[in-house]
Amino acid sequence: MSSSKEVTITRKIELNLHGYEGKEFKEAFDKLYKWRDICFKSANLIATHHFHQEQAKQFFYYTEETKVKLANVSKDENGILTTSKQNTTYQVLSNLYKGQIPTSILTSLNSQVVSAFNKEKKFYFTGERSLRNYKSDIPIPIQSSDIRQIKEGEHDNYTFNIHGLSFRTNFGKDLSGNRIIFERSLQEEYKLCDSSIQVIRKNGKTRIFLLAVFQFDKLRVNIDVNKIGVVKLDFETPLILQIGDKVIKIGNKKEFLHRRVAIQAGLRRTQVASKYNKGGKGIQKKIAAIERFKESEISYVSSRIHKYSAELINLCIKYKVGKIVLENMTEVKEATKDNEFLLRNWSYFGLKEKISYKSNKYNIEVTEN
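The shown structure was predicted, so the numbers you read here are calculated from the model rather than taken from an experiment.

A.B. asks: I'd like a description of the side chain of Arg36, backed by residues and values.
C.D. replies: Tracing the sequence through the fold places Arg36 in helix H1 (residues 22–54). Asp137 is the oppositely charged side chain nearest to the buried, salt-bridge-free Arg36, at an N-O distance of 6.2 Å. Leave out the neighbours within four places in its chain, and Arg36 touches Ser136, Asp137, Ile138, Ile140, Val199 and Ile200.

Spelled out as structure tokens, the structure:
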């Protein structure tokens, strides 16, 4: 069981640029795109520099005068760096992009990429994986202190300022409870941590999201750490919970598959019909209906497994279960390998992920048998 007393979660909150019109609106969007482009280039630059530093000993063609021990020269007489390894790449970024992007973004990005590199570098040099390649839609890291002037706006949304850009939240129907979590951070029940902004262009439309990271104490519930709930993932029922002699079924095959298969059938009909669309309107218009079906399927599956996992955790709390054992994951993995229909439709691994996430909030241990 995790010894941490805190839970860290990330919530995806849609944002709109706020208070801009005409030319100003375009300039604000251009600034966001510029920051994202610099982050994209910088992340790959950071990773490349640190990979080079780690491999320096292999560069036999350096002159004899060049020392191969990478360390700060002020701390080690044999060092060849004028500063710490992490600071070397910050200095590179600062020289390249100073004045084009807030320095706190570069600081956070450098810290994140270096941290990821240090965790993975042993796998680079054994050939188990290649150096990370950061993509052009990389999130822009934002320090929590840079989210300023938070004010309540219309329709239960909030406005705030980040590095001179004004944003407004767009919670919409808010089925995930993001508004409540955001408000709890304002009331200091939750802590808003360093987060990021993601700018995505899809189907000709640009959307902005705040990937907000919140931290809070684990919720205290009356559970027995020695009481075990065995959870089986079944082909006929998404979840079967057994607590002693009590067996509880959560969800059913018909409920889960009927709607999803209907969405997939609609998608196939739309794909066939799109072959006969007239030309001249652009590819994005032609595939817009197809993309809507795909998004509908993803949204439906996410809502189902959210419901099933939430029901499971509520039952565990009700019966004071302190430990969940996922019993037959190996069999499920093997079965789905040979059954494309099950693999496509049952979403076992999404269930497992959400069960682990929700149980952690209540300090309920999850293990796999």
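A.B. asks: Tell me about the packing of H1 against helix H3 (residues 103–126), residues and numbers included.
C.D. replies: Here H1 crosses H3 at 40°, and the two axes come no closer than 9 Å. Comparing their axes, H3 and H1 come out oblique. The crossing of H1 and H3 is right-handed. Packed against H1, whose contacting residues are Trp35, Ile38, Cys39, Ser42, Ala43, Ile46, Ala47, His50, Phe51 and Glu54, the element H3 presents Ile105, Leu106, Leu109, Asn110, Val113, Val114, Phe117, Lys121, Tyr124 and Phe125 at the interface. Residues belonging to the contact of H1 with H3 are distributed by class as follows: 15 nonpolar, 3 polar and 2 charged.

A.B. asks: Can you break down the pairing of strand E4 (residues 158–162) residue by residue, with the values?
C.D. replies: In terms of residue burial, E4 counts as a mostly covered element, since 5 of its 5 residues are buried. By the bridge criterion, 4 bridges tie strand E3 (residues 147–152) to E4 in an arrangement that is antiparallel. Residue pairing for E4: Lys151 is matched across the bridge by Thr159. If you look at the hairpin formed by E3 and E4, you'll find 5 residues sitting between the two strands, and His155 has a positive phi there, around 55°. One ladder, built from 4 bridges, connects E4 with strand E5 (residues 165–169); its direction is antiparallel. Within E5, the residue paired with Ile162 across the bridge is Leu165. Between E4 and E5, which follow one another and run antiparallel, lie 2 residues, and His163 among them has a positive phi close to 50°.

Parameters at a glance
Starting from 1, residues in each chain are numbered consecutively following that chain's sequence as written. Local features in this predicted model are restricted to residues of pLDDT 70 or higher, and side-chain atom pairs are both shown and tallied only at a pLDDT of 80 or more, whereas totals for entire chains, interfaces and linings draw on every residue. Excluding hydrogens and water, the side-chain values take into account all heavy atoms of the structure. By definition, any uninterrupted DSSP run of H or I lasting at least four residues is a helix, any uninterrupted run of E lasting at least two residues is a strand, and each is numbered from the N terminus. A 1.4 Å probe rolled over the protein chains alone gives each residue an accessible area, and that area as a share of the maximum for its type sets the label: buried under 20%, exposed over 50%, partly exposed in between. Charge assignment: positive for Lys and Arg, negative for Asp and Glu; neither His nor the chain ends contribute. Whenever Lys or Arg places a side-chain nitrogen within 4 Å of a carboxyl oxygen from Asp or Glu, that contact is recorded as a salt bridge. Contacts were defined at the residue level, with two residues in contact if any of their heavy atoms lie within 4.5 Å. Whenever a helix is involved, its axis is fitted only over the stretch in contact; in every case the axis is a line through C-alpha atoms, and angles between N-to-C directions fall within 0 to 180 degrees. Roughly parallel means an angle under 35 degrees; roughly antiparallel, over 145; roughly perpendicular, 65 to 115; everything else is oblique. The handedness criterion is simple: a crossing whose near helix is rotated anticlockwise from the far helix by less than a right angle is left-handed, and one whose near helix is rotated clockwise is right-handed. For this classification, the nonpolar set comprises Ala, Val, Leu, Ile, Met, Phe, Trp, Tyr, Cys and Pro, the charged set comprises Asp, Glu, Lys and Arg, and every other residue, Gly included, is treated as polar. Strand pairing requires that DSSP identify at least two bridges connecting the strands.

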